[in-house]
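# Residue-level structure breakdown
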Amino acid sequence: MTQENESFKSGYVAIIGRPNVGKSTLINRVLGQKLCITSRRPQTTRHRILGIKTTDDSQLIYVDTPGLHTDSKRAMNRYMNRAAASSIDDVDVILFVIDGLSWTDEDKQVLERLKKNAVAPVILVLNKVDKLADKDLLLPQIETLSSQFDFAKVVPISARKGINVEQLENELKQFVPLGDLIFPEDQFTDRSSRFLAAELIREKLFRQLGQELPYSLTVEIEEFKQENKLYRIGAVIYVERSGQKSIVIGKKGELLKSVGREARIEMESLFDSKVFLQLWVKVRDGWSDNERMLKNLGYNDEL
Ligand SMILES: Nc1nc2c(ncn2[C@@H]2O[C@H](COP(=O)(O)OP(=O)(O)OP(=O)(O)O)[C@@H](O)[C@H]2O)c(=O)[nH]1
Ligand SMILES: [Mg+2]
């Protein structure tokens with residue numbers, strides 16, 4: 001298709017920012033489908049994920065990244081910061097996402113990193129403008145930040161409501177080079193169905209557990225079989241202490257059951273198949289601060 005179209009453009013867009021500013025929500029909005037998991041909790045995204053959007057005139061490959069944060073003591077946190085920081089390299093344009101009017105120390109540190117390492121142009125994206133009654137309130141913030149860094153553009157959006165997102169996508173096309181498809185046109189991510197299944201289970205746990213959420217919880221898919229129009233999926237939820245195990249299971253197993261139900265429904269729509277899902281909870285002491293266990297659980301420095 002693209003051979004005939006000499007004006008076709010393709011390239012990479014990194015999405016960078018502190019935790020919880022709406023990076024993953026933005027990718028889902030752009031793709032028009034749920035790919036990346038999102039939640040009210042900071043540090044929802046743990047791995048780099050590509051979200052690929054192909055249109056008649058371009059293929060933009062969005063790189064979702066874990067929120068850059070300052071607490072890098074645990075091995076998993078260091079892994080997440082590395083995954084985010086390395087995404088700044090080798091992209092055509094960087095979206096630096098912040099939460100509307102707020103500006104925290106963590107935002108400042110992300111900007112410092114960009115100042116030091118970003119080679120590609122950086123667009124400042126002020127997200128969550130739906131929360132502002134008066135958009136003019138953004139002007140002083142834009143002015144202050146623009147005096148600290150030479151942003152290629154400043155774009156206020158609401159990823160959740162879709163405000164100004166199409167305009168942002170159009171702007172992005174200026175920054176990617178002419179080029180052919182990088183991925184097949186019907187591919188929307190670099191991640192396997194198996195990975196996405198584990199992520200969906202983790203999202204449901206993040207959302208249902210609220211304040212009780214054991215932060216160091218992870219999901220490992222042990223069985224993933226496709227039989228005609230049925231996916232047979234077995235997953236283990238790892239926590240670090242036995243007290244956390246009972247929280248995840250809930251009274252009479254209710255919480256785990258409802259996590260399983262919600263995850264299954266989304267998997268069925270994602271895979272367009274029936275899904276038979278089984279969940280177990282196990283304790284694996286200290287996994288989030290142990291480099292070897294992290295690797296075993298899929299926290300590899302991939303890419
Ligand atoms: N009001 C409002 N909320 C938003 C908007 N975009 C995202 N959110 C909410 O902000 C929270 C965090 O969104 P995520 O997309 O998970 O944020 P993230 O930047 O990917 O977070 P990490 O993966 O933890 O780094 C969720 O509760 C979203 O629903 C927006 O435009 N407006
Ligand atoms: Mg995220």
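An account of the accompanying structure is given in this report. Keep in mind that this is a model prediction, so the values were computed, not measured.

Let us now look at the packing of helix 6 (residues 193-209) against helix 8 (residues 254-271). Two elements in contact, helix 6 and helix 8, have axes separated by 9 Å at closest approach and are oriented at 140°. By the angle class used here, helix 6 and helix 8 are oblique. In this structure, the crossing between helix 6 and helix 8 has a hand that is right-handed. For the pair formed by helix 6 and helix 8, the contact residues are Ser193, Leu196, Ala197, Leu200, Ile201, Glu203, Lys204, Leu205, Gln208 and Leu209 on the first element and Leu255, Ser258, Val259, Glu262, Ala263, Glu266, Met267, Leu270 and Phe271 on the second.

Turning our eyes to something else, we now look at the nonpolar core. Counting 28 residues, the largest nonpolar core has Ile16, Ile94, Phe96, Leu114, Val122, Leu124 and Phe151 as the members making the most contacts within it. Put simply, the parts of the chain that give this core at least two residues each are strand 1 (9-16), strand 2 (49-54), strand 3 (58-64), strand 4 (93-99), helix 3 (105-117), strand 5 (122-127) and helix 4 (138-148). Dropping the residues within four chain positions of it, Ile16 is found in contact with Lys23, Thr65, Leu68, Ala84, Ile88, Ile94, Leu95, Phe96, Val97 and Val110.

Protein coordination of the magnesium ion (ligand 2) is provided by Ser24 (OG) and Thr45 (OG1), with donor distances spanning 1.9 to 2.2 Å. Of this pair, Ser24 sits in helix 1 (residues 23-31) while Thr45 sits in the loop between helix 1 and strand 2, and the two are 21 residues apart along the sequence.

A rise of 1.5 Å per residue sets the reference length of helix 3, with its 13 residues, at 18 Å; its end C-alpha atoms lie 18 Å apart and thus fit the reference within 8%. What helix 3 keeps buried is the set Asp107, Val110, Leu111 and Leu114. In an axial view of helix 3, the angular spread of the buried residues amounts to 100°, which keeps them on one side of the axis. Facing away from the buried side of helix 3 by more than 90 degrees, the exposed set consists of Asp105 and Lys116. Among the structural elements, strand 1, strand 4, strand 5 and helix 4 are those in contact with the buried residues of helix 3. Where helix 3 starts, the residue carrying a side-chain oxygen 3.2 Å from the main-chain nitrogen of Glu106 turns out to be Thr104.

What counts and what doesn't
Residues numbered from 1 in each chain as written. Chains lettered and ligands numbered in written order. Predicted model: local features only at pLDDT ≥ 70, side-chain atom pairs only at ≥ 80, totals over all residues. Heavy atoms only, no water. Axes fitted to C-alpha atoms, helices over the stretch in contact; angles between N-to-C directions. Helix = DSSP H or I, 4+ residues; strand = E, 2+ residues; numbered from the N terminus. Parallel < 35°, antiparallel > 145°, perpendicular 65-115°, else oblique. Left-handed = near helix turned anticlockwise from the far one by under 90°. Contact = heavy atoms within 4.5 Å. Core = buried A, V, L, I, M, F, W, Y, C linked by side-chain atoms within 4.5 Å. Buried < 20%, exposed > 50% of the residue type's maximum accessible area, 1.4 Å probe, protein only. Donors = N, O, S within 2.8 Å, 3.2 Å for Na, K, Ca; no water. Expected span 1.5 Å × (residues − 1). Arc of directions from axis to C-beta. Polar contact = N/O pair within 3.5 Å; in protein donor to acceptor, adjacent residues only side chain to side chain.

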